[in-house]
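# Working through the structure, step by step
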Amino acid sequence: MLVQENVPLSPLTTLKVGGAARFFTEAKSVADVDEAASFAKSRNLPLFVLGGGSNLVIADSGWPGLVLKIGLLGVEERTEEGKTLFEVGAGEEWDRFVARAVAANCAGVECLSGIPGSVGGTPVQNVGAYGQEVAETIQSVLVFDLEDGQVRELCADACGFTYRTSVFNTTARGRYIILRVTYTLTPGGTPRIQYTDLKKHFAGWEVTPTLTDTREAVRRIRASKAMLITPGDEDCRSAGSFFKNPVLTPDQYVDLKGRAALKGLVIPSYPALESQRKVSAAWLVERSGFSKGYSSGRVGISRKHALAIVNRGEATAAEVVAMKEHIQQRVEEIWGVPLQAEPVFVGF
Ligand SMILES: Cc1cc2nc3c(=O)[nH]c(=O)nc-3n(C[C@H](O)[C@H](O)[C@H](O)COP(=O)(O)OP(=O)(O)OC[C@H]3O[C@@H](n4cnc5c(N)ncnc54)[C@H](O)[C@@H]3O)c2cc1C
């Protein structure tokens, strides 16, 4: 295992801010993961697991311990009880796997086309978009348990998936290194066309869209919002949506609706679990003085997406955090709703 020192991390992320890793290594096998874990443990170094770097804000001071980049590759495909199972190495690029599944005419992840990052990153925040989330198709996750150094398989129930949440980013945060994810897809299945933008895209089509049509549509819609990494588009220098859609209790929702009504506005909302309501974070941000294209020095809001904080070039992590806090403060003052950040903050 090759361990490098003082490796800059910003080029390994989509937001492109932050300092260096004191130590850095890449794991291509389970044995490498084991060795990296022992290296960190024996030197008492904090360990950070890096996937594709698309959901991160790295502190300007970097990471004081070991950064372990996950490079475990390989895709195995098999059929079981009419379903197609894909066992995918955590280091595989997510969108390449989606392309492969769609090309094999397997349904279940087509709406998740174009999301950057690695396969191993998808269970962490139960990645979702356009009416689908990985919790619907993940059968199990193979992990290296840092508590006892054992490799074990977690079934989907043990992963505790809810909206943008799993055990990996809550109760067991920092405990597991994801090695492989098994997805159960439906051969010959029909695409999920439930999300408004997708329905609009296909309105007027006389034939039923295929999985390939759906993948192409999702990628096109994402590109129009700078939610697809497109070389040369500076609105892509982001960590995707910076805030989660708030999930409100009935009382909180009544309060918010009242505040909106006083301004003659209606807030878009959707039913969530246990009689809660999920409301649009983008709506709240835009109506708190931060419209698309807003700039403050070297950071700003994407010109194409109200929820993406973008690095307009050479920004620091401190500037990104200041903008995040400014937005959170204004939204809470005006609407009484605390906004929760979606990316992972590393080294703060
Ligand atoms: C333009 C853009 C669009 C996006 N659109 C969406 C979207 O539509 N929906 C959505 O849900 N997200 C979206 N994201 C966020 C991001 O792409 C996803 O969260 C992605 O799954 C992160 O994966 P990653 O490999 O890049 O993880 P990283 O950013 O490298 O890491 C994120 C977290 O996962 C952990 N992690 C990563 N790999 C492993 C592993 N193998 N084992 C253990 N922990 C691991 C890291 O330690 C960290 O805590 C978007 C981001 C961008 C930049």
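Look a little higher up for the structure.
Description of the structure in this document.

### Here's the deal with the nonpolar core
Of all hydrophobic cores here, the largest spans 55 residues; its most connected members are Trp 94, Phe 97, Val 141, Phe 168, Tyr 183, Leu 185 and Leu 198. The element best represented in this core is strand 13 (residues 176-187), accounting for seven residues. For Leu 185, the contacting residues outside a window of four places in its chain are Lys 83, Thr 84, Phe 86, Phe 97, Ala 101, Cys 106, Ala 107, Gly 108, Val 109 and Thr 137. Counting residues in each nonpolar core, the second largest holds 30 residues, with Val 17, Val 279, Ile 301 and Trp 335 among its members.

### Re the packing of aromatic side chains
Here a ring pair, both rings aromatic, is described through the centre-centre distance and the interplanar angle of the planes. In the structure shown here, the tally under the stated rule is 14 aromatic pairs. Among the aromatic residues, those joined into a cluster by ring pairs are Phe 86, Trp 94, Phe 97 and Tyr 183. Positioned above the aromatic ring of Tyr 253, the side-chain terminus of Arg 277 is 5.4 Å from the ring centre. Over the ring of Phe 345 we find Lys 324, and its NZ or CZ is 5.4 Å from the ring centre.

### Structural notes on the packing of helix 2 (residues 94-103) against helix 4 (residues 211-224)
Two elements in contact, helix 2 and helix 4, have axes separated by 9 Å at closest approach and are oriented at 150°. Relative to helix 4, helix 2 is oriented roughly antiparallel. Two secondary-structure elements touch here, helix 2 through Asp 95, Val 98, Ala 99 and Val 102 and helix 4 through Leu 211, Thr 212, Arg 215 and Arg 219. Per-class residue counts for the contact of helix 2 with helix 4 are four nonpolar, one polar and three charged.

### Examining the site of the ligand
Around the ligand, 36 residues are found, and the nearest of them are Val 49, Gly 52, Ser 54, Ser 118 and Arg 222. Note that an oxygen atom of the ligand is positioned 2.7 Å from one of the side-chain N or O atoms of Ser 54. Interatomic distance of 2.6 Å between a side-chain N/O atom of Ser 118 and an oxygen atom of the ligand. Compared with its free state, where it exposes 970 Å², the ligand has 94% of that area covered by protein.

### Considering the packing of helix 5 (residues 250-262) against helix 7 (residues 317-335)
Contact geometry of helix 5 with helix 7 gives a least axis separation of 10 Å together with a crossing angle of 85°. If you check the angle between helix 5 and helix 7, you find them roughly perpendicular. For the pair formed by helix 5 and helix 7, the contact residues are Asp 255, Leu 256, Arg 259 and Ala 260 on the first element and Glu 333, Ile 334 and Trp 335 on the second. When the residues that make up the contact of helix 5 with helix 7 are grouped by side-chain class, the tally is four nonpolar, no polar and three charged.

### Let's talk about the pairing of strand 5 (residues 63-70)
Of all the eight residues making up strand 5, six are buried; the element is thus mostly covered by neighbouring parts of the structure. Note that strand 2 (residues 20-27) and strand 5 share six bridges and pair parallel. For Ala 27, the partnering residue across the bridge sits in strand 5 and is Ile 70. Across four bridges, the pairing between strand 3 (residues 47-50) and strand 5 is parallel. Opposite Phe 48, over in strand 5, you have Val 67 as the bridge partner.

Criteria and thresholds
- Residues numbered from 1 in each chain as written.
- Predicted model: local features only at pLDDT ≥ 70, side-chain atom pairs only at ≥ 80, totals over all residues.
- Heavy atoms only, no water.
- Core = buried A, V, L, I, M, F, W, Y, C linked by side-chain atoms within 4.5 Å.
- Buried < 20%, exposed > 50% of the residue type's maximum accessible area, 1.4 Å probe, protein only.
- Helix = DSSP H or I, 4+ residues; strand = E, 2+ residues; numbered from the N terminus.
- Contact = heavy atoms within 4.5 Å.
- Phe/Tyr/Trp six-rings, centres within 6.5 Å; stacked < 30°, edge-to-face > 60°.
- Lys NZ or Arg CZ within 6 Å of the ring centre and 35° of its normal.
- Axes fitted to C-alpha atoms, helices over the stretch in contact; angles between N-to-C directions.
- Parallel < 35°, antiparallel > 145°, perpendicular 65-115°, else oblique.
- Nonpolar A, V, L, I, M, F, W, Y, C, P; charged D, E, K, R; others polar.
- Near = heavy atom within 4 Å.
- Polar contact = N/O pair within 3.5 Å; in protein donor to acceptor, adjacent residues only side chain to side chain.
- Areas by Shrake-Rupley, 256 points an atom, 1.4 Å probe, with all protein chains shown as cover.
- Pairing = 2+ DSSP bridges.

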